[in-house]
Amino acid sequence: MSLKSVIIPVLIIGVGVFLSLDQFRSHRQWLFEKAPSFISRYVLEEKTQVRDTKKKGVILTQDELAKYDGNNGKVLYLAILGKIYDVSKGGKHYGPGGGYHFFAGKDGTKAFVTGAFNKEGLTDDVSDLSPADMLGIKEWQDFYEKDYKYVGKLIGRFYDTNGEPTQELKDARKAIKEGKRLKKLDADDKQLYPSCNSEWKSGEGGRVWCSDLSGGIKRDWAGVPRKYFKPGSTSYRCACIRNTGAPGDKSKNQDHKNRGDLDNPNFREYEDCEAESISCRLPTK
């Protein structure tokens, strides 16, 4: 006798007992009440909504997303770079009357970095944004990914009807990658040439100075303040540069004049400030 031939009759008898005895009446009532909602939620929903099979979630049209702006209920969705998040728990911010309600029910990606919260600014067109701006958008998306529930994808600029990335999303990802590269270069640059300390006092004007912790970079030298112009740029930042030893961008094993970065043409002295001074006054305007 097989195990299957034993189990099936036992299950049939068990179901019959459950359906017939009075002591199971409350349990039967609970089951019959819950069955319709279960079927509706897990069976019918599968037939009426498109599913994102790569990452559990739905695929919505822009008209469908617009229904989740909080005006007709408590559910609040927003999209950024085509990904939809449920922000209902932040209803006081994203719901009607909230400070960020303009984001609800739409993809207003561009406004996250431009701060233009009007109809024209709340757009998903990011084609004219810089890599740094796109990196800022990615950081916003990471915030929603961490703090809010992912819902699905929005059909349109970034995803097609099957939830597959469009060329515009691929371009956006390239820009984000470039933004990360530039951010690292900037961090490396500030590690090499730390930013100056600075202050401004009414009646006295401004001052920049260097220390062994200026720019938040702990080191064994303080340096002197200089205007740092990157090649091809007309703007500058105050940087602390070495005034002894090898230049910052050269190995200590190479020959040098023991003048640090003082002879680098990208660095210019502040007016009316001694060349070796660690502190410089800024002219008042």
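Residues numbered from 1 in each chain as written. Predicted model: local features only at pLDDT ≥ 70, side-chain atom pairs only at ≥ 80, totals over all residues. Heavy atoms only, no water.

Looking at this structure, I do not really get the pairing of strand β2 (residues 77–80). What am I missing?
Residues in a regular strand point their side chains to alternate faces of the sheet. In β2, alternate side chains face the same way, and those of Y77 and A79 on one face and L78 and I80 on the other are all buried. Pairing between β2 and strand β3 (residues 83–86): 4 bridges, direction antiparallel. Of the residues in β3, the one forming a bridge with L78 is Y85. Counted along the chain from β2 to the antiparallel partner β3, the turn is 2 residues long, and its residue L81 has a positive phi close to 55°. (Buried < 20%, exposed > 50% of the residue type's maximum accessible area, 1.4 Å probe, protein only. Helix = DSSP H or I, 4+ residues; strand = E, 2+ residues; numbered from the N terminus. Pairing = 2+ DSSP bridges.)

Even after reading the chapter, I still don't get empty space enclosed by the protein, so can you show me in this structure?
The probe, sized like a water molecule, is rolled over the atoms to show the empty space still left. This model, assessed by the stated rule, comprises 1 cavity of 30 Å³ or more. Space inside the largest cavity adds up to approximately 30 Å³. Surrounding the largest cavity, Q62, G82, D107, D124, L154, I155, G156, R157, F158 and Y159 form its lining. For the lining of the largest cavity, the residue count by class is 4 nonpolar, 3 polar and 3 charged. (1 Å grid on protein atoms, 1.4 Å probe; cavity = no way out; pocket = protein on both sides within 12 Å on 5 of 7 lines; lining within 4 Å. Points joined across faces, edges and corners; volume = space filled by probe spheres on them. Nonpolar A, V, L, I, M, F, W, Y, C, P; charged D, E, K, R; others polar.)

When you look at the sheet that holds strand β1 (residues 58–60) in this model, what are you seeing that I'm missing?
Strand-to-strand pairing in sheets goes through backbone hydrogen bonds, with the strands running parallel or antiparallel. Ordered by their spatial adjacency, 4 strands build an open sheet running β1-β4-β3-β2, and the pairing between neighbours is mixed. Looking at which strands have only one partner, the edges of the open sheet turn out to be β1 and β2. Direction aside, the axes of adjacent strands within the sheet are offset by 40° on average. Bridge count for β3 against strand β4 (residues 149–154) is 4 bridges, and the pairing is antiparallel. (Axes fitted to C-alpha atoms, helices over the stretch in contact; angles between N-to-C directions.)

Would you mind showing me how to read the sheet that holds strand β8 (residues 237–241) here?
Spatially, 3 strands are ordered β8-β7-β9 in an open sheet, and the strand pairing comes out antiparallel. Pairing within the sheet leaves two strands with one partner each, and these edge strands are β8 and β9 (267–268). The pairing of strand β7 (residues 224–228) with β8 spans 5 bridges and is antiparallel. Its bridge partner being in β8, K227 is matched across the sheet by C238.

Looking at this structure, I do not really get unusual backbone geometry. What am I missing?
What you tend to see is this: most non-glycine residues have negative phi, and most peptide bonds are trans. We note that L81 has phi near 55°; this positive angle belongs to a residue other than glycine. Tracing the backbone through its elements, the reader meets L81 in the loop between β2 and β3.

Before we go on, may I ask you to explain the state of the cysteines in this structure?
For the coordinates displayed, the defined rule picks out 3 disulfides. Disulfide partner of C196: C238, at an S-S distance of 2.0 Å. One quick way to see it: the torsion about the S-S bond of C196 and C238 is about -80°, and its sign makes the bridge left-handed. Note that C196 is positioned in the loop between α7 (167–192) and β5 (197–201) and C238 in strand β8, a separation of 42 residues in sequence. On the basis of relative accessible area, C238 is assigned to the buried category, the value being 14%. Covalent S-S linkage joins C273 and C280, the inter-sulfur distance amounting to 1.9 Å. Disulfide C273-C280: the torsion about the S-S bond is -70°, which places it as left-handed. C280 shares its class with C273; the two are buried. Taken N- to C-terminal, the disulfide-bonded cysteines of the protein chain are connected 1-3, 2-4, 5-6. (Disulfide = S-S within 2.5 Å.)

I keep staring at α7 and nothing clicks. Help me out?
An α-helix turns once per 3.6 residues; consequently, residues spaced three or four apart project the same way. Between the first and last C-alpha of α7 there are 38 Å, a value that for 26 residues agrees with the 38 Å anticipated at 1.5 Å per step. Of the positions making up α7, those classed as buried are L169, A172, A175, I176, G179 and D189. Where the residues of α7 are buried, they touch α6 (131–147), β7 and β8. (Expected span 1.5 Å × (residues − 1). Contact = heavy atoms within 4.5 Å.)

Would you take a moment to explain the pairing of β8 for this structure?
Within β8, 5 of the 5 residues are buried, which leaves it mostly tucked inside the rest of the structure. Both faces of β8 are covered, namely the face carrying R237, A239 and I241 and the face carrying C238 and C240.

Would you take a moment to explain the pattern of salt bridges for this structure?
Side-chain pairs of opposite charge can arise where the charged atoms are in close proximity. One pass over the structure, following the stated rule, counts 15 salt bridges. In this structure, the salt-bridge partner of E139 is K183, at a minimum N-O distance of 3.3 Å. Placement of E139 in helix α6 and of K183 in helix α7 is noted, with a sequence separation of 44 residues between them. Residue class for E139 comes out partly exposed when judged on its relative accessible area of 42%. Here D188 and K184 are joined by a salt bridge, their closest N and O atoms 3.0 Å apart. Here K184 and D188 lie together in helix α7, a separation of 4 residues that amounts to about one turn. For D188, a relative accessible area of 39% translates into the label partly exposed. Assessed through its relative accessible area of 54%, K184 is described here as exposed. Bridged by salt links that share partners, the residues D186, D189, K190, K230 and R237 form one connected network. (Salt bridge = Lys/Arg side-chain N within 4 Å of Asp/Glu carboxyl O.)

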